[in-house]
Amino acid sequence: MRPSRLLALVTAVTSLGVGMPRVVMAEGKTLRRALAEKRALENKVEILDRKVRELEQRVEQSLGTTGEVRNAVVPGPRTEQVEALDQKVRVLERRWELDQEQAAAKAKEAPTFTAGKDGFSLKAADDSFRLRIGGYVQADGRFFADDKERATTDTFLLRRVRPILEGTVGKYFDFRIMTDFGGGTAVVQDAYLDAHPWSWARLRVGKYKPPVGLERLQSGAELLFVERGLPTNLVPNRDVGVQIHGELAGGAATYAFGAFNGVADGASGDLDNSDSKEFAGRLFAHPFKHTSIEVLQGLGIGLAGTYGDQRGSTSATALPTFRSQGQAAFFSYRSDGTAAGTTIANGSHSRFAPQGYYYYGPFGLLGEYVKSYQHVQRGTTAATLENDAWQIAASYVLTGENASYRSVSPAQPFDLAKGTWGAFEVAARYGELDVDKVAFPIFADPTKAARIAESWGLGLNWYLNRNVKFQLNYEQTDFTGGGPKGERPKERAILSRFQVAF
Amino acid sequence: MIVQVLIRAAALLAVVLSLSTSAWAQKSVTLLNVSYDPTRELYQEFNTAFAKYWQGKTSEVVTINQSHGGSGKQARAVIDGLDADVVTLALAYDIDEIYQKAKRIPADWQKRLPQNSAPYTSTIVLLVRKGNPKGIKDWDDLGKPGVSVITPNPKTSGGARWNYLAAWGYALRQPGGGEAKAKDFVASIYKNVPVLDSGARGSTTTFVERGIGDVFISWENEALLAVKELGKDKFEIIIPSVSILAEPPVTVIDKVVDKRGTRAVAQAYLEYLYTEEGQKIAAKNYYRPRLAAVAAQYAEQFPKVNLFTIDEVFGGWEKAQKTHFADGGTFDQIYQPGQ
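This is a predicted model, so every value here is computed, not measured.

The rules behind these values
Residues numbered from 1 in each chain as written. Chains lettered and ligands numbered in written order. Predicted model: local features only at pLDDT ≥ 70, side-chain atom pairs only at ≥ 80, totals over all residues. Heavy atoms only, no water. Patch = residues over 30% accessible without salt bridge, like charges linked within 9 Å, V, L, I, M, F, W, Y side chains within 5 Å. Areas by Shrake-Rupley, 256 points an atom, 1.4 Å probe, with all protein chains shown as cover. Salt bridge = Lys/Arg side-chain N within 4 Å of Asp/Glu carboxyl O. Helix = DSSP H or I, 4+ residues; strand = E, 2+ residues; numbered from the N terminus. Buried < 20%, exposed > 50% of the residue type's maximum accessible area, 1.4 Å probe, protein only. pLDDT = per-residue confidence, 0-100. Contact = heavy atoms within 4.5 Å. Polar contact = N/O pair within 3.5 Å; in protein donor to acceptor, adjacent residues only side chain to side chain. Core = buried A, V, L, I, M, F, W, Y, C linked by side-chain atoms within 4.5 Å. Phe/Tyr/Trp six-rings, centres within 6.5 Å; stacked < 30°, edge-to-face > 60°. Lys NZ or Arg CZ within 6 Å of the ring centre and 35° of its normal. Pairing = 2+ DSSP bridges.

**So, a nonpolar patch on the surface**
All names here are of chain A. A cluster of nonpolar side chains, namely Phe113, Phe120, Leu122, Ile133, Leu165, Ile177, Phe498, Val500 and Phe502, defines an oily patch on the protein surface of about 780 Å² accessible area. Listing elements by their share of the nonpolar patch, those giving two or more residues are β2 (119-123) and β21 (491-501). Structurally, the position occupied by Val500 is in strand β21. By relative accessible area, which is 35% here, Val500 ends up partly exposed.

**Re the confidence of the model for chain A**
Residue and element names in this part refer to chain A. Considering every residue of chain A, the mean pLDDT works out to 88; 89% of them sit at 70 or more. Ranking the helices and strands of chain A by mean pLDDT puts strand β17 (residues 423-434) first, with 98, and helix α1 (residues 3-26) last, with 42. Taken together, the stretch residues 1-29 has pLDDT below 50 and engages in 31 contacts with residues farther than four places along the chain or on a different chain. Across residues 69-74 the pLDDT falls below 50, and counting only partners more than four positions away or on other chains, this stretch makes 16 contacts in the model.

**Concerning the environment of His245(A)**
Residue and element names in this part refer to chain A. Structurally, His245 can be placed in strand β8 (residues 239-248). Spatially, the C-alpha atoms of His245 and His196 are 9.3 Å apart, while their sequence positions differ by 49 residues. Engagement of the side chain of His245 in a polar contact is seen with the side chain of Asp194, the distance being 2.9 Å.

**Focus: the pattern of salt bridges**
All names here are of chain A. Counted according to the given criterion, the structure contains 47 salt bridges over all chains. A salt bridge links Arg429 to Glu475, with the nearest nitrogen and oxygen atoms 2.7 Å apart. Residue Arg429 is located in strand β17, and its partner Glu475 is located in strand β19 (residues 468-483); the two are separated by 46 residues in the primary sequence. For the pair Arg429 and Glu475, one class covers both residues: buried.

**Details of the nonpolar core**
Residues Phe50(B), Trp139(B) and Trp317(B) are the most contacted members of the largest nonpolar core, which totals 86 residues. Per-element accounting of this core gives the leading share, eight residues, to helix α6 (residues 158-172) of chain B. Those residues in contact with Trp139(B), other than ones at most four positions away along the chain, are Ile124(B), Leu126(B), Asn163(B), Ala166(B), Ala167(B), Tyr170(B), Phe185(B), Ile217(B), Pro240(B), Val242(B) and Ser243(B). Of all hydrophobic cores here, the second largest spans 32 residues; its members include Val235(A), Val370(A), Ala444(A) and Ala453(A).

**Concerning the side chain of Arg176(A)**
All names here are of chain A. Its location among the elements puts Arg176 in strand β5 (residues 173-180). Here Glu166 takes part through its side chain, which lies 3.0 Å from a polar atom of the side chain of Arg176. Residue contacts for Arg176: discarding those within four places in its chain leaves Ile164, Leu165, Glu166, Asp190, Ala191 and Tyr192.

**Comments concerning the packing of aromatic side chains**
Following the criterion strictly, the structure yields 41 aromatic pairs over all chains and no others. Put simply, the rings of Tyr43(B), Phe46(B), Phe50(B), Tyr53(B), Trp54(B), Tyr269(B) and Tyr272(B) pair up and form one aromatic cluster. Over the face of the ring belonging to Tyr208(A) we find Arg204(A), whose NZ or CZ atom lies 5.4 Å from the ring centre.

**Things to note about the pairing of β5(A)**
Residues and elements named next belong to chain A. Among the eight residues that make up β5, six are buried, leaving the element largely enclosed by the rest of the structure. In terms of strand pairing, strand β4 (residues 155-169) meets β5 through six bridges, oriented antiparallel. Within β5, the residue paired with Val169 across the bridge is Phe173. A loop of three residues connects β4 with β5, the two strands running antiparallel in sequence, and Gly170 in this loop sits at a positive phi of about 60°. Direction of pairing for β5 relative to strand β6 (residues 187-198): antiparallel, over a ladder of eight bridges. Note that in β6 the partner of Phe173 across the bridge is Ala195. The loop that links β5 with its antiparallel partner β6 comprises six residues; one of these, Gly183, has a positive phi angle of about 70°.

The following block contains the structure:
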């Protein structure tokens, strides 16, 4: 009840309560009306009293106070009672108001916790501190058809088990720590700090993917196929170093330049074995991103490269092993543990990697080429080998969602109750990896190491929702050389993956 | 003819260049003044006057942004990193904390401006409803049963701490007065407090706008403002027999002004409070001016009050804060929500 109405009520009650005898003495008709009005006012006071008690209970529950508010003894004539009740209502309303203000102020300062498709996160009110707990698990099946010579083994495996801890401290500093327990081992894959005072200039220090391979730079949880293509054999996996990177032209272009310890093709490393370092750089652009040419907005083209010096030893050659889509090793350099019989990296190592992709609606296309130059030596013989690889992969989302470098997000997630099935995507690719002929037979054994791998694959991806994916691939790879009687047997791999990522 | 045209063109060009040069030369700067709760009207008027003065003197356009809240809360915000160029708070202890906890100002900050960096003073009075229905005459009446008292929370409000100390100081001066009796007396007042706002302006809202309480222990300037804004037919001011001299201090925050390059304008801003213009603005907003000439001009506005200082009765702010308002201090002992 508003104070002004209460004031009127007080006045009415006072005049009626005090003036009643005079009314009785004055006029009979007016007395009946006066009595009725008095009864109505008394009823109103009782209702008001009840409301105050209810309000007292609400405030006590909110403030956690007991007994203080509930002081219902209000002695005195009706006028004082009404005034006291009026004050009580005002006090309670004001306390409620202040309580709400304090709660709102606290809510503004309070951190927020969210749990959803992007994992679990805790964020400070001003966004200067943020922690996200995520990760992904991949349970694979790897089967080989027509494997009469048992060159490969059918197996189920945990391909990746990667908990991820990432966040922001002090507004300008991001961090990421990702370990991998797949295959029964424990490896720190990523551990870095990224300072980002501006979007166009960021500094990253730690262990992470050097800016080189297009498919390598994709997250392991966002791959189009179960395994990356052949060119990924020639680019670094993870390395330790420092790089500056950033976005330009409103995100239409990105750059990254860094200095790293240097690793063999396809390999990861935690420590350097020589003083020399490897420099890596990449420029990637979406030239039509901010134009109105919608059909070309999804075009991305780039160029990456590395330059450094790689030196190995008999026990640690610093040279790569190349693997097929079925993850079978089809090429490695000679290594028998002796200086005369082991090929080692012994000099400059550089890479050249043009790359690009195109996405338009449900259609996607990705291609890259990598050439790797490595100076090698075995005994007193040395040479610079040029190995190269390329691939082209196309995809189409059958359910109409947009294809993307960052995976597909189903418009209607899998839900049996609603009869929705998520998103389906088909993919096809072709790739080749050529080892320099000069490698044979001095640096690599032609009866054990294939010179060429030519691979084609078909894939079906079922995205149940943003977090769960099922993949089924058929990958066939033909080899030139690499077998004791000439050719290494064809590999026909059926690969499956069940993935949960958050 | 051609020469005349060329001369006129050159003159016009010179005028245009000089005008555009002066336009390019006009700089602008902003200041943040973090102040206590009831000074909104004072600094609204003062900021306009200072901006005009500064632009006239330097051609620089200065914009002063204001932040208001309980003095303790405001000090904590500055300690936690709020980049105030100047603070104009309710009591010296709150500014001392900015030195103690954050070292954003030097230890001797109070000596940098005249009169212990307090350009104006105030005191604590009692505001009652018109007609003084509860017959409030002095501090004694606030502790009586049935009297509802409005005062803010001393944990957050500087004004509330002045209120508390004024009541305590009154009790000490009564016959037979001592610390124990003063504690009981102040406890009896807080027993009558139904709502504790976080700042003085919040308490003004509670008393004046929400119509709660019989008596409001108020900054003198707030009481005079309430009477002026809402009319003498709504409220009366009761001058207690004794009250405390409140000296709200001001200072530049050195770490901020040096980082932002605003030291000169921030210093000038505070010094302007001591000028005749600044003192008149303070007086017009019911703050007692320091300048004798202005004080004489506005003497009728400010009633004579028997005042004591915090140094005389409590030995200074540091001691008073530690004894009464620190966690576990006297205030925590006499006031616990729910009792």
